[in-house]
Every structure is written in C-alpha cells, then in structure tokens.
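# Descriptive analysis of the structure
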Amino acid sequence: MERIIGILSGLIIGSAQLVYLANTLRRKVRPSVLSWLGWAFLMGTSLVSQIVVKGWQWSLSSILCSTAGCVAIVVAALLSGNFSLARRDWAFLLLGLCCMGIYYWSGDAWVTTVFAILADALLAVPTLLKVMRDPASERSVAWLLGVISSVLALIICIGHDPLYFMFPAYLLFLNGWLAWMTRPGIPSPSNQ
C-alpha cells in the first residue's frame, strides 16, 4: 500500500510541475533558472542524504519527483531560451550548493534536511510576501496538488523514522498556506 500511495504522491506533485513546464514551453511564464536549480539542489541533497543514511522510503517519491521536475524546468527553460536571470536569484543557487556542502561536510541527514527546509522557507519569503500583497498573482492549482501530495507522503511516514516526516510536513504547511491565501474569492488589497 505504501508503494501505491508513494507513486500517487509523486505523480500528483509531478503533474503540478508538468503544468509549469508546459507553461514554460508555451512562454506563459519565464522561470528563473537559478531559482529552480537551487530548489533542485536543496531537495535533491536532502533526498540523497535520507536515502544514504536511512534507505529508500516511499514517502520520498514526492521529493524525488519534485527534484526531477525542477531539473526538467531548468533544462526546458535553457533549451527554449525562455528564462530569467536576476541578481537576487544567485541566493537560490548558493543556498542549494550550501546544502550540498553541509551534507558533504557533516554526512548527517538530519542536519542536511533541517538546513534544506530552512533554506527553502527563506527562499519562499518573496512568494509569501507577493501573495500577501496580491493573492491572485499566485493563484494556482499547484498549491492544492502540493497539499494532496504532502498528505499522501505523510500517511506513508506513519511508523517510520521521523526524518522522513520533516520535508513533507514542511511542504504541507507551505502549500496549504499558499492554497488558503490564494483561494478564489480572496481579493487583492488594491481591490478592497
């Protein structure tokens, strides 16, 4: 049963990234390649550290699919020439590389995962502030898909090492908050 739920969790979060990937190829969005590459490094390093220390667990499916989706978005953006490259985006890449360095230096999956979550949360601040200013600008079904994927991953975590619980719990909180704040019917402050 864990396998089926894990695959479903990965497919759901993967579908959210496929929507973004399609929008990239259709030039509806211009992804920041450094942001997406930084997220790939953060999640990928956390994923690898957990697998190396604790072994594969089906709750990792969503993180695996998210990592692959981030890489696919970077590649598609670069190959299509449809990307943005802002100075502030170097922070995303730097934090992702720091996460890899922390794991290499410490070899500790807990430290690496906590850093990856904190770094991701820090990197989410611009999006969170944007949502508070203009909720409609970030309205997307992707947040709800992230909630569903995280809930499925957390179900699988029951009875397993708490390390596996950390990233899905964080993503449930983040995606849940974003889904709530961008739900239909929430006007932008300028429209109130």
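Computed from a prediction, not measured in an experiment: that's the story for all the values here. Residues take numbers from 1 onward in each chain, read along the sequence in its written order. Side-chain atom pairs in this predicted model are given and counted only at pLDDT of 80 or more, local residue features only at pLDDT of at least 70, and totals for whole chains, interfaces and linings cover all residues. The side-chain figures draw on all heavy atoms in the structure; neither hydrogens nor water molecules are used.

### Points about the confidence of the model for the protein
- For every residue, the predictor states its confidence as a pLDDT score lying anywhere from 0 to 100. On average, residues of the protein score 86 in pLDDT, and 97% of them are at 70 or above.
- To qualify as a helix, a DSSP run of H or I must reach at least 4 residues; to qualify as a strand, a run of E must reach at least 2; elements of each kind are numbered from the N terminus. When pLDDT is averaged over each helix and strand of the protein, the minimum, 80, is found for helix 4 (residues 90-106) and the maximum, 93, for helix 3 (residues 61-80).

### Re the nonpolar core
- Note on terminology: a nonpolar core comprises buried Ala, Val, Leu, Ile, Met, Phe, Trp, Tyr and Cys residues joined through side-chain atoms within 4.5 Å. Partly exposed describes any residue whose relative accessible area lies between the buried limit of under 20% and the exposed limit of over 50%, with all areas from a 1.4 Å probe on protein chains only and scaled to the type maximum. Of all hydrophobic cores here, the largest spans 33 residues; its most connected members are Leu-42, Ile-63, Phe-167 and Tyr-170.
- Among the elements that make up this core, the one with the highest residue count is helix 7 (residues 163-181) (nine residues).
- When near neighbours in sequence (up to four residues on either side) are disregarded, Tyr-170 contacts Ile-117, Asp-120, Ala-121 and Ala-124.
- Judged by nonpolar contacts, the second largest core, of six residues, contains Ile-5, Ile-12, Ala-16 and Leu-152. Note on contacts: a residue pair is in contact if any heavy atoms of the two residues lie within 4.5 Å.

### A short note on the pattern of salt bridges
- We define a salt bridge as a side-chain nitrogen of Lys or Arg found within 4 Å of a carboxyl oxygen belonging to Asp or Glu. Under the definition given, this model contains one salt bridge.
- Its salt-bridge partner being Lys-54, residue Asp-161 comes within 2.8 Å of it at the nearest N-O pair. Linking Asp-161 in the loop between helix 6 (141-157) and helix 7 with Lys-54 in helix 2 (residues 33-54), this pair joins segments that are 107 residues apart in sequence.
- Overall, Lys-54 belongs to the partly exposed group, its relative accessible area being 37%.

### Concerning the side chain of Ser-66
- Examined against the element boundaries, Ser-66 turns out to sit in helix 3.
- When neighbours within four sequence positions are excluded, Ser-66 is seen to be in contact with Ile-13, Gln-17 and Met-43.

### Here's the deal with the packing of helix 2 against helix 7
- To obtain each axis, a line is fitted to C-alpha atoms, and for helices this fit is confined to the stretch in contact; angles are then taken between N-to-C directions over 0 to 180 degrees. Across the interface, helix 2 lies against helix 7 with an axial gap of 10 Å and an inter-helix angle of 160 degrees. Taken as axis vectors, helix 2 and helix 7 run roughly antiparallel relative to one another. For the element pair helix 2 and helix 7, the recorded crossing hand is left-handed. Here helix 2 contributes Met-43, Ser-46, Gln-50 and Lys-54 to the contact with helix 7, which in turn contributes Leu-163, Tyr-164 and Phe-167.
- All amino acids are sorted into three groups, where Ala, Val, Leu, Ile, Met, Phe, Trp, Tyr, Cys and Pro are nonpolar, Asp, Glu, Lys and Arg are charged, and the leftover types, Gly among them, are polar. Of the residues contributing to the contact of helix 2 with helix 7, the split by class is four nonpolar, two polar and one charged. Should an angle fall under 35 degrees it is taken as roughly parallel, and over 145 as roughly antiparallel, whereas 65 to 115 is taken as roughly perpendicular and any remaining angle as oblique. Working rule for handedness: look at the near helix, and if it is turned counterclockwise from the far one by less than a right angle, call the crossing left-handed; if clockwise, right-handed.

### Quick look at the packing of aromatic side chains
- We call Phe, Tyr and Trp rings a pair once their centres come within 6.5 Å, taking the six-membered ring for Trp, and we label the pair stacked below 30 degrees between planes, edge-to-face above 60, and tilted otherwise. In this structure the tally under the stated criterion is four aromatic pairs.
- Measuring from centroid to centroid gives 4.8 Å for Tyr-20 and Trp-36, while their planes differ by 40 degrees, and the two rings are tilted. Residue Tyr-20 is located in helix 1 (residues 2-25), and its partner Trp-36 is located in helix 2; the two are separated by 16 residues in the primary sequence.
- Residue Tyr-20 is classed as partly exposed on the basis of its relative accessible area of 24%.
- With centroids separated by 5.1 Å and ring planes inclined at 85 degrees, the aromatic side chains of Trp-36 and Trp-39 adopt a geometry described as edge-to-face. Placement of the pair is Trp-36 and Trp-39 together in helix 2, with a separation of three residues, close to one helical turn.
- Taken together through their ring pairs, the aromatic side chains of Tyr-20, Trp-36 and Trp-39 make up a single cluster.
- Each ring is checked for a lysine NZ or an arginine CZ that lies within 6 Å of its centre and within 35 degrees of its normal; such an atom marks a charge sitting over the ring. When the ring centre of Trp-180 is taken as origin, the NZ or CZ atom of Arg-183, which lies over that ring, is 3.5 Å away.

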